[in-house]
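Residue-level structure breakdown
This is what each chain is made of:
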Amino acid sequence: MATWTWFHRFGSPPWVYGFARRWAPWFGGAALLCMLIALYGGLVLAPADYQQKDAFRMVYVHAPAAWLSLMIYTTMAVAAAVGLIWRMKVAHAVAAACAPVGAWFTVAALGTGMLWGKPMWGAYWVWDPRLTAELVLLFLYFGYMGLRAGIEDQAKADKASAMLAVVGVINVPIIKYSVEWWNSLHQTATVMQMGKPKMDFDMLWPLLLMFVAFALYFAAVLLIRLRAELLRRERTASWIREVLT
Amino acid sequence: MLNVTGLHLWRGDRHVLRGVSFEARAGQCVLLTGRNGAGKTTLLRAVAGLLDPEEGQVAWRGAPARKTRDVFHSELAYLGHEPPLKGDLTGRENLRFATGIRRAVAAADIDAALTRTGAKEFSDRAVRTLSAGQKRRVALAGVLLTGAPLWLLDEPTTNLDADGQQLVATLIEEQLARSGIVVAAIHHALTLKSGETVNLELGAA
Amino acid sequence: MKAGVLDVARLVIARDLRLAFRKPSQLLQPLMFFMIVATLFPLTLTPEMSRLRDAAPGVLWVGALLSSLLALEFLFREDAQDGTLEQFALSGQSLTWMLFAKTCTHWLLSGLPLALFAPIAAVGLGVPGEAMWSVVASLALGGFALSLIGAISAGLTLGARRGGVLLSLLTLPLAVPILVFGADATHQAIIGGDFGPPLRMLGAIAVLGVTLAPLAAAAAVRIGLE
């Protein structure tokens, strides 16, 4: 029964608004702390890679950004599904708030990937399977945001984009598999894999910590965006007046 | 048989339906009145299940209509503002499809319905060539053919001449006599010579 | 007596076929589009057959995809506009099944003719004769999967502004697997390799599509009709 009260609280916009307001700074602070430690660990402490020298340090931003971009899409789809099944307005607001953040992480992953590619292979872009899949993920985000923007009625936009997110998340593994298949067909002489170099613990812990930092950062930004979403959606509701005074 | 309780519906920011409730028993006709934008169409669509209300419930024969959606729809005939007809098909072909997907129907039945609504003479022309009033007559034949106990009609007399308006009144009376229920949104008064009428005005602040 | 599933499917298919043949120009447009696109590639790349042959899988599949995006406009839009799609939703019959029947008919009228027509474009791209039948088979199968996926985006964009562009934007990422396996099958056929594995993957996607896509499309259409 305790789980149900918790569930119901998450369904109440004013409660979630208060939660977001209280917790966002904590997540943000924790994120900053972790990021600083991880950056120090990755850029200064970790030894240079045997093959890639210092260029490999790009992985400390690139890999966590890529993981986050996928994690956020999944979060968005789960929130959207919850909104569809249990008809929770807050869940739809969460999904809407996730999308731009996820898209930016995807851009970050692509950008750092391009910056990594230049010292590695002398080219700003390679059709590496992971980068290509990242690009398709960006298109999925654009489609989601485009659909939301294209439908006037908020409730209808919520439901339609929720369906799209669910269909998209089911497709993501299929897309990834197909892109890897495609890449394996056209193996060129140089193995164009943007794989992480083999890592021992000294190199690994900053990576994991950076992932945690990004996740905390995502939580902080999500909570801030969520507050804005709730304010916009509930602007005619009475609890808004109390909150703003 | 039809129970609508506490229906609240927002379209964007507008609170269109504010706790609408009504009940309709067999043989009753509910007439929805109200000025433009009062929510008559919205209410009909919400009862039909095309719109999802934020609060409230529609119950048919005691069960929530959302849970028994397919059964509810098979007992429901909905006629909106625009007659749902494909312009490139003839009236007859349209009805053969629209009725056929619901129940087995014989050509003779279609003929009878078309004759009843005065649409037989132009039933073999492409619907795109018909006037608005003629299309409506074909659509009304479609409603008859469903054999559904519940009719939801959105301004059924639009584009019809005086004869046509009388036809609609008669068709509703016959439906009520069959123990059917009619919920109709109307603009001007519709007087029925028989059957029980309930008036529901929407948008009264 | 309630109409049975086979009757419903038969009626939907018959209706859509009848409607299509009363406006035959609509059928030809996606085909013409495909031919034009296929012609643009030699014009912009090279007239050399050997190089075109390398590009042929890409040209054929991108052309097929773009052409099917055009054809997807016709799937639901008119029915949504004249109110007959609502009739489907209010009929008391399974909307999933009815939309599946519509999608199959749509493929019969757009995807399949394109696949049968493709050898003409393929000849212009240097595809050898022995590869032709597998080109047709892969395009037919891929076109069916595309119609299924496209039905979902068509349903989702029913109520949206600039739905046409949005439909393309939504469908393209979801179509990536179909394109990858389809183009690979065509490529293998051209070089005389084993096109079995990619063709089977394409078939698997089509099967997955058949089981899931109509459900999603029906849900999307109901949302779009609100």
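These numbers were taken from a predicted model, which means no experiment stands behind them.

A short note on the overall build of chain A
The helix and strand tally for chain A stands at 8 helices and 0 strands. Dimensions of chain A, computed from the C-alpha atoms along their principal axes, are close to 65 × 40 × 35 Å. Counting over 245 residues, chain A shows a buried share of 45%. For chain A, restricting intrachain contacts to residue pairs at least 6 apart in sequence, the fraction spanning at least 24 positions comes to 80%.

Let's talk about the overall build of chain B
For chain B, the count of helices and strands is 6 helices and 9 strands. A compact globule built from 205 residues would reach a C-alpha radius of gyration of about 17 Å, and chain B, at 17 Å, matches this within 12%. Dimensions of chain B, computed from the C-alpha atoms along their principal axes, are close to 45 × 35 × 35 Å. Within chain B, buried positions represent 46% of all 205 residues.

Comments concerning helix 3 (residues 49-81) of chain C
Residues and elements named next belong to chain C. Between its first and last C-alpha atoms helix 3 spans 46 Å; for 33 residues at 1.5 Å apiece the expected length is 48 Å, and the two agree. The largest bend in helix 3 is about 55 degrees, located at alanine 55, with the proline proline 57 one to four residues further on. Phi for glycine 83, located one or two positions after helix 3, is positive at around 90 degrees.

What about the domain arrangement of chain B?
One widely used convention gives an interface's size as the accessible area the parts lose upon coming together. Residues and elements named next belong to chain B. Once the domains are mapped, chain B shows domain 1 (1-75 + 149-205) and domain 2 (85-147). Relative to domain 2, the C-alpha centre of domain 1 lies at a distance of 23 Å. Each partner contributes to the interface: domain 1 provides 9 residues, whereas domain 2 provides 10 residues. Top element by residues in the side of domain 1 that touches domain 2 is helix 6 (residues 162-177). It accounts for 3 residues. The residue makeup of the side of domain 1 that touches domain 2, split by class, is 4 nonpolar, 4 polar and 1 charged.

What to know about helix 7 (residues 163-191) of chain C
All names here are of chain C. With 29 residues, helix 7 should reach 42 Å at 1.5 Å per residue; the first-to-last C-alpha distance of 40 Å fits that figure. The sharpest bend along helix 7 reaches about 50 degrees and sits at alanine 175, with the proline proline 177 one to four residues further on. Judged by how many residues are buried, helix 7 sits mostly within the fold: 25 of 29 residues are covered. Positioned one or two residues after helix 7, glycine 192 has a phi angle of 80 degrees, which is positive.

Comments concerning the environment of phenylalanine 218 of chain A
Residues and elements named next belong to chain A. The topology assignment puts phenylalanine 218 in helix 7 (residues 201-233). For the pair formed by phenylalanine 218 and leucine 70, sequence separation is 148 residues and the distance between their alpha carbons is 12 Å. Ignoring sequence-local partners within four residues, the contact set of phenylalanine 218 consists of Leu68, Ile72 and Val101.

Considerations on the confidence of the model for chain A
The predicted model of chain A has a mean per-residue pLDDT of 86, with 91% of residues at 70 or higher. Within chain A, helix 1 (residues 2-10) of chain A has the poorest average pLDDT of any element, 70, and helix 3 (residues 59-86) of chain A the best, 94.

Quick notes on the interface of chain B and chain C
At the interface, 24 residues of chain B touch 23 residues of chain C. At the level of secondary structure, the elements contributing two or more residues to the side of chain B that touches chain C comprise helix 2 (69-74), strand 6 (76-79) and helix 3 (91-100) of chain B.

Digging into the environment of alanine 79 of chain A
All names here are of chain A. Locating alanine 79 in the fold gives a position in helix 3. Here the alpha-carbon distance between alanine 79 and lysine 159, two residues 80 residues apart in the chain, equals 11 Å. Residue contacts for alanine 79: discarding those within four places in its chain leaves Ala91, Val94, Ala95 and Cys98.

Some thoughts on the sheet that holds strand 3 (residues 28-33) of chain B
Residues and elements named next belong to chain B. Spatially, the 5 strands line up as an open sheet ordered 6-7-8-3-9, and their pairing is parallel. Two strands in the sheet have a free side with no partner beyond their single neighbour: strand 6 and strand 9 (196-201). For this sheet the average axis-to-axis angle between neighbouring strands, irrespective of direction, equals 15 degrees. The pairing of strand 3 with strand 8 (residues 181-185) spans 4 bridges and is classified as parallel. By the bridge assignment for strand 8, leucine 32 is matched with alanine 185.

Observations regarding the pairing of strand 3 of chain B
Bridge analysis of strand 3 of chain B against strand 9 of chain B gives 6 bridges, and the strand direction is parallel. Among the inter-strand pairings, cysteine 29 of chain B is bridged to a residue of strand 9 of chain B, identified as threonine 197 of chain B.

Considerations on the sheet that holds strand 5 (residues 63-64) of chain B
Sheets are built from strands that pair by backbone hydrogen bonding, the pairs being arranged parallel or antiparallel. All names here are of chain B. Spatial strand order, 2-1-4-5: 4 strands in an open sheet with antiparallel pairing. Looking at strand neighbours, the two that pair on one side only are strand 2 (14-24) and strand 5, the edges of this open sheet. Judged from the 5 bridges that link them, strand 1 (residues 2-11) and strand 4 (residues 55-60) form a sheet pairing that is antiparallel. For leucine 2, the partnering residue across the bridge sits in strand 4 and is tryptophan 60.

What to know about unusual backbone geometry
In this structure, arginine 87 of chain A takes a positive phi of about 50 degrees despite not being glycine. Of note, arginine 87 of chain A is situated in the loop between helix 3 and helix 4 (89-121). For arginine 87 of chain A, a count of 15 C-beta atoms within 10 Å gives the class partly exposed. Of note in the backbone geometry, arginine 61 of chain B takes a positive phi value of approximately 50 degrees without being a glycine. Residue placement: arginine 61 of chain B occurs in the loop between strand 4 and strand 5.

Observations regarding the packing of helix 6 (residues 132-156) of chain C against helix 7 of chain C
All names here are of chain C. With their axes 9 Å apart at the nearest point, helix 6 and helix 7 run at an angle of 170 degrees to one another. The angle between the axes of helix 6 and helix 7 places the two elements in the roughly antiparallel class. Touching Ser134, Val135, Ser138, Gly142, Ala145, Leu146, Ile149, Gly150, Ser153, Ala154 and Leu156 of helix 6 are Leu167, Leu170, Thr171, Leu174, Ala175, Ile178, Gly182, Ala185, Thr186 and Ala189, all from helix 7.

Criteria and thresholds
- Residues numbered from 1 in each chain as written.
- Chains lettered and ligands numbered in written order.
- Predicted model: local features only at pLDDT ≥ 70, side-chain atom pairs only at ≥ 80, totals over all residues.
- Helix = DSSP H or I, 4+ residues; strand = E, 2+ residues; numbered from the N terminus.
- Buried ≥ 20, exposed ≤ 12 C-beta atoms within 10 Å, placed from the backbone.
- Contact = placed C-beta atoms within 7 Å.
- Rg over C-alpha atoms; globule rule 2.2 N^0.38 Å.
- Expected span 1.5 Å × (residues − 1).
- Bend = angle between axes of the 7 residues up to and from the residue.
- Domains from an automatic or database assignment.
- Nonpolar A, V, L, I, M, F, W, Y, C, P; charged D, E, K, R; others polar.
- pLDDT = per-residue confidence, 0-100.
- Pairing = 2+ DSSP bridges.
- Axes fitted to C-alpha atoms, helices over the stretch in contact; angles between N-to-C directions.
- Parallel < 35°, antiparallel > 145°, perpendicular 65-115°, else oblique.

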